[in-house]
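One-letter residues, chain by chain:
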Amino acid sequence: MALKSSVNKLRQIKTSFASGELDPLMNFRSDVNAYNNGAKQLKNMNILPQGGVYRRAGTKRLASLTGNARLVAFDFDDNEQYIVAFGHQRADIYYCETDTIVASITSCDWTTSTIFKLNIAQSGDTMIICYPTMRTQVLTRTSLTTFTVSNFEFDGDDENVHQPYYKFANASTTLSANGTTGSITLTSSADHFTSNHVNTYVKLDNTSLKITAVGSATSATATIFGTLQKQLIENAFTTTNGSKTIVVKDPLHGLSDGASIVVSGSNTIATIPATDINGTHTIAVNNADEYQFTVTGSTNANLTTAGGGPLIKVTSANQAHTEWKEQSFSAERGYPASVTFHDGRLWFGGSTSQPDWLWSSKVDYYFNFDTGEGLDDESIQSSIGMDRVADIRHLISNRHLQVFTANAEFYCPQSETSVLTPENFNIRRQTTYGSNFVNAKAFDGGTIFVQKSGRTVRELLFTDTELAYSANSLSLLSTHLIQTPVDLAVFGGSVDRPEQYALFVNNDGTIANFHSVRTEQLAGWTQWQQTGATFKSAEAVGTRCFFTVLRGSDYFLEELGSEDNTVDHSTTYTIGSAGLTFSGLTPYASKTVAVRTGDYYLGEFAVNSSGVLTLDSGMECDTITVGYDYEVIAETMPVEAVLSTGSLRGQPKRISRVIMGLDSSLASSLEGSKIILRQVTDDFSISPSAFTGLQEFYVLGYAKDRSITITQSDPLPMRVTGLVMEYGY
């Protein structure tokens, strides 16, 4: 808002930075509200819901890491929270209660190249870890400080493993076994077997077989559990009036003349008793889809008819089976790509060979995927079934089960009072943007995700009026801050500040920080970065937020501090009585660090190679906090007004006076003019008082795009509540 105070002087009031740092392409868009409520730069700043901005908290040094690591929360309850650092073939577990790494697990299946594409879900003591070319892993907490990693194993026994099965071969491809029990040879009618099939399961009709060796692309050795039987189609037998001969319809049966079969499950047909039909018979082959046998009883059929019922089974060696399938997850077919817990079920989404399929466990039995008879509590298994195969990348349990694929976004409808069952399950496409591999997360009533291109952040949000989801862009006005994110953390606020943030860790080591308050229609972005270091991963658990940070060639686990912690990679050191020399700063040996004591900034000091830091005379104290300063910038959009004579855009303007509102601040500079809040004669034993109120500055210089820049030379708390800018033209 611009208020005219004289012929050539205006006063512009800025009460809000809520729209955040705007894209440079917004520099001319003074016609939109975001221009007045946004900023040209907000580096290492946070947005206050009341409209102002404040210096972001610094990070605290917690532990050294062996290499790059993705951080994932393991949240058992409010008192037992952990951060799991997934590194190269290892997992380090940091216990938040004691602030120590309590377990390190090595020889894991993931690598540096896959850790940021792992899809992870946790419930209770169990964390499920998925990647499409890695056997699904289970991280289990066995005690307060003990964890193990193991392969995901489906419930069941050798004969019945309750896992998903699917026929990957062509529908016409058959399998035949040269025996009906024990160890046999399987023969495929087309090339199918590879060495990856060893120790995998095959279902021939409802009989389980475990492959123990592969001889060729068409031959494998397997063990049959139980007796191999073939389920025939309903009423597969046909009688002829006045005859004891029964013709069997069995497409691609693979049997030869004189073969012996055992029939079971047949009903009486045309007065031929079931006791005569069920039993052992010698067959004569009519063609590839049909054979016949003659019963030995005394009763002829009194009718030419089809019958036998729905439960006819035939047992015979070398019988070709068209109804067969193999386990869905294996080294040959790939493993689940995504995972979540929803409605009391464990859900898997997508795999290398079934990229658009969903599988759920039975209710409350997370390792049992038995479809059974399709009862309400039994496994749900279905493909998305769209016109384009959609690789499933994320499953999110929110208002509904949400499915994010490479091409589109879906959800599984259910009422507020119902759960998903095999009978009511369906899936509906909502939007067609597609997502990349950065984990999607629930945030401020919706689900935020990174679009497939890596340059846009969107929010999947349900609209009650339309009973559908939309996926609007959250980063439209700040696209320059989204630089191919690799990780995402949702931070719900701390004991110091109630604001919630979504932290997108960019590929360039910066963080795009999104602040949102939907009820107040507030949404804006700022950028975080470190000096001489880069962010690699971020995660929040409870009221704490953690980072993987690369400093030089070393990786560290760091934590976002409180608002009065204003340096990065910080550590606090204490000596017995006030003095100038502090030892034990080994992590900072041969480095120059910023030093604070209480609310004073003492300056930068060198730590020698032995880890000793010596302050200047007159700075005696018993506690110091050391770390690294980072640049803080808040720059307004260029001042602009539209008068009755037209816009002032492009005209030289001179901001002559600025009134800046501050709250609980200890240091600030405006256009290079530093606020002096302490004197050289101050007593260091008495903490300075933080300033709250208005500060007046006088500014020189004309410019066509005149803006105001707020910075800090001292790493101390700063909150800016607003500005009044007086300028002439």
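Residues numbered from 1 in each chain as written. Predicted model: local features only at pLDDT ≥ 70, side-chain atom pairs only at ≥ 80, totals over all residues. Heavy atoms only, no water.

Asks: Account for the overall build of the protein, with residues named and values stated.
Replies: When its secondary structure is counted, the protein shows 2 helices and 67 strands. Scaling as 2.2 N^0.38, a compact globule of 729 residues should have a C-alpha radius of gyration of about 27 Å, whereas the protein reaches 35 Å, well beyond that. Along the first, second and third principal axes, the C-alpha atoms of the protein reach 120 × 70 × 40 Å. Here the protein holds 729 residues, and the buried ones make up 53% of them. Once local pairs closer than 6 in sequence are excluded, the contacts in the protein between residues at least 24 apart make up 62%. (Helix = DSSP H or I, 4+ residues; strand = E, 2+ residues; numbered from the N terminus. Rg over C-alpha atoms; globule rule 2.2 N^0.38 Å. Buried < 20%, exposed > 50% of the residue type's maximum accessible area, 1.4 Å probe, protein only. Contact = heavy atoms within 4.5 Å.)

Asks: Now, about a negative patch on the surface: what can you tell me, with residues and values included?
Replies: A contiguous patch of negative charge, built from Asp364, Asp376, Asp377 and Glu423, is present on the exposed surface. Mapped onto the elements of the fold, Glu423 is located in the loop between strand E39 (409-412) and strand E40 (428-431). (Patch = residues over 30% accessible without salt bridge, like charges linked within 9 Å, V, L, I, M, F, W, Y side chains within 5 Å. Areas by Shrake-Rupley, 256 points an atom, 1.4 Å probe, with all protein chains shown as cover. Salt bridge = Lys/Arg side-chain N within 4 Å of Asp/Glu carboxyl O. Lys, Arg positive; Asp, Glu negative; His and termini not counted. Charge placed at Lys NZ, Arg CZ, Asp CG, Glu CD.)

Asks: Could you give an account of the sheet that holds strand E38 (residues 401-405), with specific residues and numbers?
Replies: Across the sheet, which stays open at both edges, the 4 strands sit in the order E37-E38-E39-E40 with antiparallel pairing between neighbours. Looking at which strands have only one partner, the edges of the open sheet turn out to be strand E37 (392-397) and E40. When strand polarity is set aside, the average angle formed by the axes of neighbouring strands in this sheet is 30 degrees. (Pairing = 2+ DSSP bridges. Axes fitted to C-alpha atoms, helices over the stretch in contact; angles between N-to-C directions.)

Asks: Requested: an account of the environment of Gln81, with residues and values cited.
Replies: Note on placement: Gln81 falls in strand E9 (residues 80-87). The spacing of Gln81 and Val541 is 460 residues in sequence and 7.0 Å in space, taken between C-alpha atoms. In contact with Gln81, not counting residues within four places along its chain, are Phe74, Asp75, Tyr94, Tyr95, Cys96, Val541 and Gly542.

Asks: Got a sec to walk through the nonpolar core? Specific residues and values, please.
Replies: Formed by 28 residues in total, the largest nonpolar core has its most connected members in Val658, Met660, Leu670, Ile710 and Val720. Taken together, the elements giving at least two residues each to this core come down to strand E4 (38-43), strand E5 (45-47), strand E61 (653-665) and strand E67 (719-728). Within the second largest apolar cluster, 22 residues are counted, among which are Phe86, Cys108, Ile129 and Leu139. (Core = buried A, V, L, I, M, F, W, Y, C linked by side-chain atoms within 4.5 Å.)

Asks: A description of the environment of Asn44 should follow, citing residues and the corresponding values.
Replies: When you line up the elements, Asn44 lands in the loop between E4 and E5. On a C-alpha basis, the gap between Asn44 and Gln530 in space is 8.5 Å, while along the polypeptide they are 486 residues apart. Discounting residues that sit within four places of it in the chain, Asn44 has contacts with Tyr54, Arg55, Arg56, Gln527, Trp528, Gln529, Tyr630, Glu631 and Val632. Within the structure, the side chain of Asn44 is placed 2.8 Å from the side chain of Arg56, a separation counted as a polar contact. (Polar contact = N/O pair within 3.5 Å; in protein donor to acceptor, adjacent residues only side chain to side chain.)

Asks: Lay out the packing of aromatic side chains in plain terms, naming residues and giving numbers.
Replies: Inspection of the entire model under this criterion finds 31 aromatic pairs. Considering the side-chain rings of Tyr94 and Phe546, the 5.9 Å spacing of their centres and the 65 degrees angle between planes classify their relative orientation as edge-to-face. Of this pair, Tyr94 sits in strand E10 (residues 90-95) while Phe546 is found in strand E50 (residues 544-551), placing the two residues 452 residues apart along the sequence. Per residue, the accessibility class of Tyr94 equals that of Phe546, and both read buried. Ring geometry for Tyr166 against Phe168: centres 5.0 Å apart, planes inclined by 65 degrees, an arrangement best described as edge-to-face. Owing to a relative accessible area of 30%, Tyr166 belongs among the partly exposed residues under this scheme. Since its relative accessible area comes to 19%, Phe168 is described here as buried. Following the ring pairs from residue to residue traces out a cluster consisting of Phe152, Phe154, Tyr166, Phe168, Phe329, Phe348, Trp357, Trp359, Phe367 and Phe369. A cation sits over an aromatic face here: Arg141 above Phe76, 4.0 Å from the ring centre. Geometry around Phe28 places Arg649 over its ring, the cationic atom sitting 4.7 Å from the centre. (Phe/Tyr/Trp six-rings, centres within 6.5 Å; stacked < 30°, edge-to-face > 60°. Lys NZ or Arg CZ within 6 Å of the ring centre and 35° of its normal.)

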